[in-house]
Amino acid sequence: IAAVLQFSGKVPASLHAEVWIMTVVSAVALGLSLPLSIFPAALDGLGRFSLKAAIRTVFLGVRIVGSLWLINAEGTLVHLALVFAFTIVGEQLAMGVAVARLLPDLKPAPWRTNREALKLVRGFSFDSFLAMLAGRIAFKTDAIVIGLCGQLDMIPFFDMPSRLVEYSKNLIRSATTTLTPAISALDARGGKIAIRELFLTGSRFALYLALPIHLALIFFGGSFLELWL
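Note that the structure is predicted; figures quoted are calculated from it, not measured.

Comments concerning the side chain of D44
- The topology assignment puts D44 in helix α3 (residues 38–46).
- The contacts of D44, once residues within four sequence positions are left out, are F49, K52 and P181.

Examining the environment of I55
- Tracing the backbone shows I55 in helix α4 (residues 49–72).
- With relative accessibility at 12%, the residue I55 sits in the buried group.
- Considered as a pair, I55 and S67 are 12 residues apart in the sequence and their alpha carbons are 18 Å apart.
- Contact partners of I55, with chain neighbours within four places excluded, come to E91, A94, M95 and A98.

Here we look at the packing of helix α7 (residues 155–176) against helix α9 (residues 192–228)
- For the pair α7 and α9, the least separation of the axes is 10 Å and the interaxial angle reads 155°. Classed by the angle they form, the pair α7 and α9 counts as roughly antiparallel. α9 is crossed by α7, and the crossing has right-handed handedness. Contacts between α7 and α9 pair M160, P161, R163, L164, Y167, S168, L171, I172, A175 and T176 from the former with A206, L209, A210, I213, H214, L217, F224, L225 and W228 from the latter.

A look at the pattern of salt bridges
- All told, the structure shown has 4 salt bridges when counted by the stated rule.
- Each of R56, R63 and E91 takes part in salt bridges that share partners, so that together they form one network.

Looking at the nonpolar core
- Counting residues in each nonpolar core, the largest one holds 6 residues, listed as L43, I55, F59, M95, A98 and V99.
- Those elements that provide at least two residues to this core are α4 and α5 (77–102).
- Setting aside residues up to four positions removed in sequence, F59 forms contacts with T87, G90, E91 and A94.

Some words on the environment of A94
- As for its position among the elements, A94 is in helix α5.
- Taking the C-alpha atoms as reference, A94 lies 9.6 Å from F59; in sequence the two are 35 residues apart.
- The contact partners of A94, leaving out residues within four places of it in the chain, are I55 and F59.

Focus on the packing of aromatic side chains
- Using the criterion set out here, one finds 1 aromatic pair in the structure.
- An angle of 85° between the planes, with centres 5.8 Å apart, marks the rings of F205 and Y208 as edge-to-face. Of this pair, F205 and Y208 both sit in helix α9, 3 residues apart, which is roughly one turn of the helix.

Quick notes on the confidence of the model for the protein chain
- Per-residue confidence for the protein chain averages 80 on the pLDDT scale, and 91% of its residues sit at or above 70.
- Considering each helix and strand of the protein chain separately, the mean pLDDT is smallest for helix α1 (residues 2–7), with a value of 49, and largest for α5, with 90.

Notes on the side chain of Q92
- Here Q92 lies in helix α5.
- Non-local contacts of Q92, meaning those with residues more than four positions away in its chain, are made with S33, L36, S37 and F39.

Digging into a nonpolar patch on the surface
- Taken together, the side chains of F205, L207, Y208, L211, L215, I218, F219 and F220 define a hydrophobic patch exposed on the protein surface, amounting to about 930 Å² of accessible area.
- With respect to the helices, strands and loops of the structure, I218 is situated in helix α9.

Comments concerning the packing of helix α8 (residues 179–188) against α9
- Close contact between α8 and α9 brings their axes to 8 Å; oriented N to C, the two are set at 165°. Viewed along their axes, α8 and α9 adopt a mutual orientation that is roughly antiparallel. Crossing hand, α8 versus α9: right-handed. Mapping the contact onto sequence places L179, A182, I183, L186 and D187 in α8 and K192, A194, I195, L198 and G202 in α9.
- Split into classes, the residues belonging to the contact of α8 with α9 amount to 7 nonpolar, 1 polar and 2 charged.

Cut-off values and rules
Position numbers for residues start from 1 in each chain and track the written sequence from start to end. Given that this is a predicted model, residues contribute local features only at a pLDDT of at least 70 and side-chain atom pairs are listed and counted only at 80 or more, while totals for whole chains, interfaces and linings are drawn from all residues. Calculation of side-chain values draws on the structure's entire complement of heavy atoms; hydrogens and water are dropped beforehand. In this description a helix means any DSSP run of H or I spanning at least four residues, a strand means any run of E spanning at least two, and both kinds are numbered starting from the N terminus. In this description, contact between two residues means that some pair of their heavy atoms is separated by no more than 4.5 Å. A simple rule labels every residue: compare its accessible area, found with a 1.4 Å probe on the protein chains alone, to the largest value its type can have, and call it buried under 20%, exposed over 50%, or partly exposed in between. Only the contacting stretch of a helix is used when fitting its axis, a line to C-alpha atoms as for every element, and angles between N-to-C directions run 0 to 180 degrees. Angle categories are assigned with fixed cut-offs, so that under 35 degrees is roughly parallel, over 145 is roughly antiparallel, 65 to 115 is roughly perpendicular, and the rest are oblique. Definitions for this section: a left-handed crossing has its near helix turned counterclockwise from the far helix by less than a right angle. A right-handed crossing has that turn clockwise. Salt bridge criterion: a side-chain nitrogen from Lys or Arg within 4 Å of a carboxyl oxygen from Asp or Glu. Only buried Ala, Val, Leu, Ile, Met, Phe, Trp, Tyr and Cys residues count toward a nonpolar core, and they belong to the same one when joined by side-chain atoms within 4.5 Å. Put simply, two rings from Phe, Tyr or Trp (the six-membered ring, in Trp's case) pair if the centres are within 6.5 Å, and we call them stacked under 30 degrees between planes, edge-to-face over 60, tilted for the rest. Confidence of the prediction at every residue is given by pLDDT, a number between 0 and 100. Patches here are clusters of residues that have more than 30% relative accessible area and form no salt bridge, with a 9 Å joining cutoff for like charges and a 5 Å cutoff for nonpolar side chains (Val, Leu, Ile, Met, Phe, Trp, Tyr). In short, Shrake-Rupley with a 1.4 Å probe defines the accessible areas, and a residue's cover is counted only from the protein chains shown. Throughout, the ten residues Ala, Val, Leu, Ile, Met, Phe, Trp, Tyr, Cys and Pro are labelled nonpolar, Asp, Glu, Lys and Arg are labelled charged, and all others, Gly among them, are labelled polar.

Rendered as structure tokens:
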């Protein structure tokens, strides 16, 4: 994305080097976070949702404080990317330490991997990747197209409203994240009826949570955006 924007002339020449370094830092952080994401998944499997949420809250606070400090100190995009990179990777490393304490006998042994386990993980990972990719495309493609075809300063007029929707999605996603391991555990025991009841109950409470949020966005979103922007 940085290369496309740079060569399309949308990024000022004075920021070309900064944008490239920021892209490299973000790519390295992403490359490290992918294999480390096994640790938050392990905490989900152990049912330690409170511990996972506490770790994420701590690093979110560090990220917010660091970002605000950089803004006040007139830091660069590279500094901001480093703050995000260190907090994201540090968060997952902290979860790795938590998993090591909860499962002291768990040792990495890649040579014990069998083909059946790889097929199972690959199948679930591919479905999860498609779901994540679809969500990103739905909310980010328009901003990229606006930046390529118009003015960069027009992106916030689209991005800010979509960000409000994304915030509401994240709230609901956080509240329902426990459903996946719970349903997996029920499926392992063959509890099809219990899965159906949990799915219906979870969907009902998700609706109760989402409905007032989205009604507030419909009726008051315009006024809120006028004040925000």
